[in-house]
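Residue-level structure breakdown
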Amino acid sequence: MSEDFGVKMENKVYYPDPSLKETLRMGDYEAIYNEFIQDPQAYWEKVANELEWIQKWDKVMEWNHPYARWFVNSKLNITQNCLDRHVHNGKKNKVAIIWVGDGGEEQVFTYRQLYREVMKCANGLKSLGVKKGDAVCIYMPLVPEQIIVTLACARIGAVHSIVFAGFGTQALNSRIKDANAKIVVTADATIRRGKRVELKAIVDEAVVNAPSVEKIVVLRRMTPPMELYSEMEIDYHEMLSNVSECEAEVMDAEDPLFILYTSGTTGPAKGIVHTCGGYMVGAYYSTRNVFDLRDNDVFWCTADPGWITGHSYIIYGPLLNGGTILITESTPDYPDAGVWWSIIDEFDVTIFYTAPTAIRMFMRMGAEWPNKYDLGSLRLLGSVGEPLNPEAFEWYYHVIGKERCPIVDTWWQTETGMHMITTMAGQPMKPGFIGKPLPGVVADVVDKNGDPVPAGTGGFLVIKEPWPSMMRTVRNNDERYRQYWTTIGKYYTAGDLAVKDDDGYIMILGRSDDIIIVSGHNIGSAEVESALVSNAAVAEAAVIGLPNALKGQILKAFVILRTGSSPSDKLKSELIYHVRMSLGPIAMPSEIEFVDSLPKTRSGKIMRRVLRAKELGMDPGDVSTLED
Ligand code: WTA
């Protein structure tokens, strides 16, 4: 291993129970990968044929670098596959959603009930004038209605843009404006650790200067009900129509299904656009095979639908497979550190999918919490969002999985729509390594010219061939889309640094750009810097990520003040609060340092790399372009 990356390649391997090879759908990974690589299009066509289409494709794929069309000229509606297909095929009374509230309250929706709610909501949205192609912004807590509204949009062909309810005013405002959202659906509040956290108030501020918004639909959960003042505001339940059928809009495979914003290296968040057909196939396929989802599973993905993980593995993937999902508005440490394990025990959760930051938090809280509960229902564990460090892997494997459960550490991105690299259940597991590409995916680690690097040498992670659920464009910025496919040869550049071992197992070393991953959430340096600079006291700012044992990385900001403002602890707190209000708590710097100057290139670009090296006492590398 080249020392520059400072990682040690551990040699530990966990060999799974050999019987898994027979019992799991992809137990024989090598054989299935081979089948794929012999004829990729035939492979994907077979997957697509497992789903229902209104009209099938003329051609599986058309590749006109960097633009792909999948299932060309086919017609479908994803909700027919998520709902109608199950309701009409014997799963009417199967549980689709189990919801657990912050205070332990419960709600259950069978497929029949979910279907009816989606129909009502879809008709309701139509009655507000929402049509195919219109954008609807969903800014809601993790309640069943968040999923219902999402599916209702898909039913009528409206493009949903879910914004995580932890985002602040400025972040919400820019996403509403970029998507040109006609409707914003929100709730009065969310409940976190027993306390009410206002959401509607944030929407009120975020719609100022957002002229596209015609109506705000409010799910009123609290008593007494929040007053609605203006004509623009509509009660969620009043919007619901009594009609129980809503015909599925006929969508072309390449019509947009949703926009989801993710942090960029420069400027504001990027609106990643996914389309109906390819995304459906990718979400269905990966859920079915990576989690080996079965009819009697209870699948718990702890993400929020506001992130891609929630889109693909709370909503679409499991419902496309007719699965039972568990969701909860609760936080992992309230009312005590055992609450999540008690949920697994109580509902016999079989598949548990979470983020390394949560695992490290549980490690810190101690094994006595999970040990109080019976976790015997679990059969498969998953991880996503940031590197699962070997220590966290070990703890997850021994304490939660009791050495029985395979762990799938899944690498993928908002842009990829589905899992791309993992160690398929049944394969030997190597702590610290994500594993190999899924059958259907061609991934490699290459140098900047696109040539594969030898095992043990770090390089750039690329995807070499198009796949069905790849993003199709960046909203209002197709140039940015093309960059993904033109930076390193003709490959899709993920922006991650990686290394392979002799067996082809891939380890992720971190980002190659200025995206910082805090607790599994992508934060762009540029976004936080611009939030800081929007404060009257700040002239300039540079934000870097520093390693942190719990959160993976934390944010440190270097701030140059305007003349007239002087450094103080009070000002530090004010600036942190300012970022919290504009972007949300996840983007808050943990540390602020006031400085007189920032290292810059002669062309004026801040060299964050130099700041990071100085902070960590490392060699800053090539500084020949440094101005001063
Ligand atoms: C990182 C989340 C290591 C990676 C699904 C990627 C990971 C970015 C893993 C995408 C993993 C995601 N191991 N790193 N298993 N999964 N990442 O768009 O840097 O929120 O580029 O998608 O998260 O984050 P995004």
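Everything below is about the structure shown above.
To start, this report covers the structure provided alongside it. (Residues numbered from 1 in each chain as written. Predicted model: local features only at pLDDT ≥ 70, side-chain atom pairs only at ≥ 80, totals over all residues. Heavy atoms only, no water.)

A separate point is the layout of surface pockets. Here the second largest pocket defines a volume of roughly 400 Å³. Residue assignment for the lining of the second largest pocket shows that the elements contributing at least two residues are α16 (478-486) and β26 (492-500). Taken together, the residues of the lining of the second largest pocket break down into five nonpolar, eight polar and six charged. (1 Å grid on protein atoms, 1.4 Å probe; cavity = no way out; pocket = protein on both sides within 12 Å on 5 of 7 lines; lining within 4 Å. Points joined across faces, edges and corners; volume = space filled by probe spheres on them. Helix = DSSP H or I, 4+ residues; strand = E, 2+ residues; numbered from the N terminus. Nonpolar A, V, L, I, M, F, W, Y, C, P; charged D, E, K, R; others polar.)

On to the pairing of strand β20 (residues 407-410), then. Alternating positions in β20 separate into two faces, I407 and D409 on one and V408 and T410 on the other, with burial throughout. Relative to β20, strand β19 (residues 380-384) is paired through four bridges, and the arrangement is parallel. Opposite S383, over in β20, you have D409 as the bridge partner. For the crossover that starts at β19, traverses helix α15 (residues 390-400) and ends in the parallel β20, the hand is right-handed. (Buried < 20%, exposed > 50% of the residue type's maximum accessible area, 1.4 Å probe, protein only. Pairing = 2+ DSSP bridges. Right-handed = clockwise from strand over helix to strand, strands pointing away.)

Enumeration over the complete set of coordinates arrives at 43 salt bridges. In this structure, R472 engages E254 in a salt bridge whose closest nitrogen and oxygen atoms are separated by 2.9 Å. Here the residue R472 occupies a position in the loop between β24 (459-463) and β25 (473-474), and E254 occupies one in the loop between β13 (251-252) and β14 (256-262), the gap between them amounting to 218 residues. One connected set of salt bridges, linked through shared partners, spans D292, R294, D297 and R379. (Salt bridge = Lys/Arg side-chain N within 4 Å of Asp/Glu carboxyl O.)

Turning to the side chain of N123, a few remarks are in order. Along the polypeptide, N123 turns up in helix α5 (residues 111-127). With relative accessibility at 13%, the residue N123 sits in the buried group. Residue contacts for N123: discarding those within four places in its chain leaves S241, V243, E245 and C246. (Contact = heavy atoms within 4.5 Å.)

Direction vectors running N to C along helix α17 (residues 525-533) and helix α18 (residues 569-583) enclose 115°, while the axes themselves pass 9 Å from each other. In the packing of α17 onto α18, the handedness of the crossing is right-handed. Side by side, α17 and α18 meet where E527, V528, A531 and L532 of the first sit next to L575, H578, V579, S582 and L583 of the second. (Axes fitted to C-alpha atoms, helices over the stretch in contact; angles between N-to-C directions. Left-handed = near helix turned anticlockwise from the far one by under 90°.)

Moving on, we get to a negative patch on the surface. A contiguous patch of negative charge on the surface is contributed by E106, E346, D348 and D374. Along the polypeptide, E106 turns up in strand β5 (residues 106-110). (Patch = residues over 30% accessible without salt bridge, like charges linked within 9 Å, V, L, I, M, F, W, Y side chains within 5 Å. Areas by Shrake-Rupley, 256 points an atom, 1.4 Å probe, with all protein chains shown as cover. Lys, Arg positive; Asp, Glu negative; His and termini not counted. Charge placed at Lys NZ, Arg CZ, Asp CG, Glu CD.)

The environment of the ligand is made up of 18 residues, and the closest members are D409, T410, T414, D496 and R511. For the ligand, a nitrogen atom lies 2.7 Å from a polar atom in the side chain of D409. Here the ligand has 530 Å² of accessible area as a free molecule, and 95% of this is covered by the chains. When contributions to the shell around the ligand are tallied by element, the ones reaching two or more residues are α11 (308-320), β20 and β27 (506-511). Looking at the shell around the ligand residue by residue, the class counts come to eight nonpolar, six polar and four charged. (Near = heavy atom within 4 Å. Polar contact = N/O pair within 3.5 Å; in protein donor to acceptor, adjacent residues only side chain to side chain.)

Let us look at the sheet that holds strand β6 (residues 135-139). Read from one edge to the other, the open sheet built from eight strands follows the order β12-β11-β8-β6-β7-β14-β15-β25, with strand pairing classed as mixed. This sheet does not close on itself; its edge strands, each paired only once, are β12 (233-235) and β25. In the sheet, β6 pairs with strand β8 (residues 183-187) via four bridges, with the strands oriented parallel. Looking at β8, one finds that I138 is bridged to V185. Relative to β6, helix α6 (residues 144-156) is tilted by about 175°, and along the sheet it contacts β6, β7 (159-162), β8, β11 (215-219) and β14.

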